[in-house]
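Commentary on secondary and tertiary structure
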Amino acid sequence: MNRQYEIACECGRKVSVSAGQSGTTLVCQCGRQVTVPSWGELLRQETRVAVAGTSEQASYSPLAGWVTGFRWLGLGLILLAVLGMLYLYRTMPSLPDLHRVPPAVVYNYFRVLRTGVDGPMPRFERDFIEHERIWRGLWDLVILVAIVGAILVAGITVAEWWEQRHQKRVAEAEDGDEEKTPPE
Ligand SMILES: [Zn+2]
């Protein structure tokens, strides 16, 4: 039986050849010359096509959609956390520049600091404490979001790597079997 193999022309057409045509040059419908590879190369190409077909089928599994979704979710969370960190960094609470605060307030502030008397807390300091409390809470939240995102992405990457390694082993095992069977 004269088995047919397909080789690709640059134009995208598939040219059908037999093993006996190895090393010869054919002319495609587009006019380009197509060199038929050696029989060994034809066999290797056929194996690659078969392996590609297998992995394509595997990617149709409903899990693959979930994996992609979770990966985007993880990347989105990381991006969100980075933006949040940038925003929080810019709005980091700080006590106001004392040169800009009315002198009476500054005087009162230093008097409270020096004497340790529980006088009425200056408004800007009260604001600072309140602002910082909220800021710290937001910062913790952003860190948590970043960690969740990183765990998602890392987990999916490791799982995919594991799956690919497994598929590669299966493909290699199949290759091994093919080599054992004598060529027709
Ligand atoms: Zn062509």
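Here is what the cut-offs are and how they apply
Residues numbered from 1 in each chain as written. Predicted model: local features only at pLDDT ≥ 70, side-chain atom pairs only at ≥ 80, totals over all residues. Helix = DSSP H or I, 4+ residues; strand = E, 2+ residues; numbered from the N terminus. Buried ≥ 20, exposed ≤ 12 C-beta atoms within 10 Å, placed from the backbone. Contact = placed C-beta atoms within 7 Å. UniProt positions renumbered as here; feature names shortened; annotations may be inferred. Expected span 1.5 Å × (residues − 1). Pairing = 2+ DSSP bridges.

Quick look at the overall build of the protein
The helix and strand tally for the protein stands at 4 helices and 4 strands. In sequence order, the secondary structure elements of the protein are arranged as β-β-β-β-α-α-α-α. Out of the 184 residues in the protein, the part that is buried amounts to 4%. When contacts within the protein are restricted to residue pairs at least 6 apart in sequence, those whose partners lie at least 24 apart make up 49%.

What about the UniProt feature "transmembrane region" (unreviewed entry) in the protein?
As annotated in UniProt, the feature "transmembrane region" (unreviewed entry) corresponds to residues 69-89 and 138-159 in the numbering used here. For residues 138-159, helix accounts for 100% and strand for 0%, while the C-alpha atoms at its two ends are 31 Å apart.

Description of helix H3 (residues 103-115)
Helix length check: H3 (13 residues) gives 18 Å between terminal C-alpha atoms against 18 Å at 1.5 Å per residue, within 8%. Among the 13 residues that make up H3, 0 are buried, leaving the element largely open to the surroundings.

Section: the pairing of strand S2 (residues 14-18)
Where strand S1 (residues 4-8) lies against S2, 5 bridges are found, and the strand directions are antiparallel. What sits directly across from Ile7, in S2, is Val15. Here S1 folds back onto S2 in antiparallel fashion, the turn holding 5 residues, of which Gly12 has a positive phi close to 105 degrees.

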